[in-house]
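# An overview of the molecular structure
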Amino acid sequence: MRKIFVLEFITLDGVIQGPGGPEEDTSGNFKYGGWVGPYFEDKVASPEMDKQMKRTHGLLLGHKTYDIWAGFWPTHTEMWPQVNKITKYVVSKTLKNPTWENTEVIKSIEELKKLKKSDGPDLQVYGSANLVQTLMEHDLVDEFWLKIFPVTLGSGKRLFEKGTIPAAFKLFDSKITPSGVIIAYYKRDGKVKTESI
């Protein structure tokens, strides 16, 4: 069975929309695209991101993120050498003829569950806000690899929204960058436990 890792850039108030640039995702009149830039280029964050990317052997993406990436990564492989060769699974009911090599379209939650149960490399999910809600709703997320930025935006697509179910996670690695970004790795740790204090 494959594991699914969700990798996100996230603000203190939970926003994951448009981290990379002003035009990345302006839906809902989002005005703060590019909020990662001022914090990310330092001696801890960049090497950690490189390490995560090198571990990528399969991608699982939502349609919107896939379209953005298909317009960039095929011609920028110097930063991510294996990105064209690995299989990219894109969850979409409308994508018909993907042009990015090694792309497979997943059309339903049943196909998504079948993919997770199949043999093959673990899958990394970047961005893909709507897809992540579906993955959480169906308890398909094994780990969250979060980069938590010291900024609040007040509005925008959030990581933990309508798909969130009660679940326990365990922190298994963390780092703090000089610019105040917390890099935290969480893995699924059963059900929520409660007790009186």
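Quantities reported herein were computed from a predicted structural model and do not represent experimental measurements.

So, how was this worked out
Position labels on residues start from 1 in each chain and follow its written sequence. The predicted origin of the model limits local features to residues at a pLDDT of at least 70 and limits the giving and counting of side-chain atom pairs to 80 or more, whereas totals for whole chains, interfaces and linings rest on all residues. Computation of side-chain values: all heavy atoms of the structure, hydrogens and water removed. Any carboxyl oxygen of Asp or Glu that lies within 4 Å of a side-chain nitrogen of Lys or Arg is treated as forming a salt bridge with it. Helix and strand definitions follow DSSP, with helices as H or I runs of at least four residues and strands as E runs of at least two, each counted in order from the N terminus. Remark: exposure states derive from per-residue accessible area (1.4 Å probe, protein chains only) relative to the maximum for the residue type, with buried under 20%, exposed over 50%, and partly exposed in between. Strands are labelled as partners when DSSP assigns at least two bridges between them. When the strands point away from the viewer and the connection leading from the first strand across the helix to the second strand turns clockwise, the crossover is called right-handed. Two rings from Phe, Tyr or Trp (for Trp, the six-membered ring) form a pair when their centres are within 6.5 Å of each other. A pair whose planes differ by under 30 degrees is stacked, one over 60 is edge-to-face, and the rest are tilted. For a lysine, the NZ atom is tested; for an arginine, the CZ atom; a charge sits over a ring if that atom is within 6 Å of the ring centre and within 35 degrees of the ring normal.

## Some thoughts on the pattern of salt bridges
Tallying each qualifying case throughout the model produces nine salt bridges. A salt bridge links Lys157 to Asp25, with the shortest nitrogen-to-oxygen separation between them at 2.8 Å. Here Lys157 is found in the loop between strand E6 (143-149) and strand E7 (169-176), whereas its partner Asp25 is found in the loop between strand E1 (4-11) and helix H1 (37-40), with 132 residues between them in sequence.

## A few points about the pairing of strand E2 (residues 58-62)
Burial runs high along E2: five of the five residues are buried. Neither face of E2 is left uncovered, since the one carrying Gly58, Leu60 and Gly62 and the one carrying Leu59 and Leu61 both have all their residues buried. The pairing of E2 with strand E3 (residues 87-91) spans five bridges and is classified as parallel. From the neighbouring strand, Leu59 faces E3, where its bridge partner is Lys88. Following the chain from E2 across helix H3 (residues 63-70) to the adjacent parallel E3, one finds a crossover that is right-handed.

## With respect to the packing of aromatic side chains
Here the structure, examined in full by the defined rule, presents 16 aromatic pairs. Note on Trp80 and Tyr126: the rings are 5.7 Å apart at their centroids and 65° apart in plane angle, and the pair reads as edge-to-face. Taken together, the residues span a long stretch of sequence, with Trp80 in the loop between H3 and E3 and Tyr126 in strand E5 (residues 123-126) at a distance of 46 residues. For the pair shown, Trp80 and Tyr126 are each scored as buried. Taken together through their ring pairs, the aromatic side chains of Trp69, Phe72, Trp73, Trp80 and Tyr126 make up a single cluster. A cation over an aromatic ring shows up here: Lys147 above the ring of Phe9, its NZ or CZ 5.3 Å from the ring centre. It is Lys187 that lies over the ring of Phe172; its NZ or CZ is 5.8 Å from the centre.

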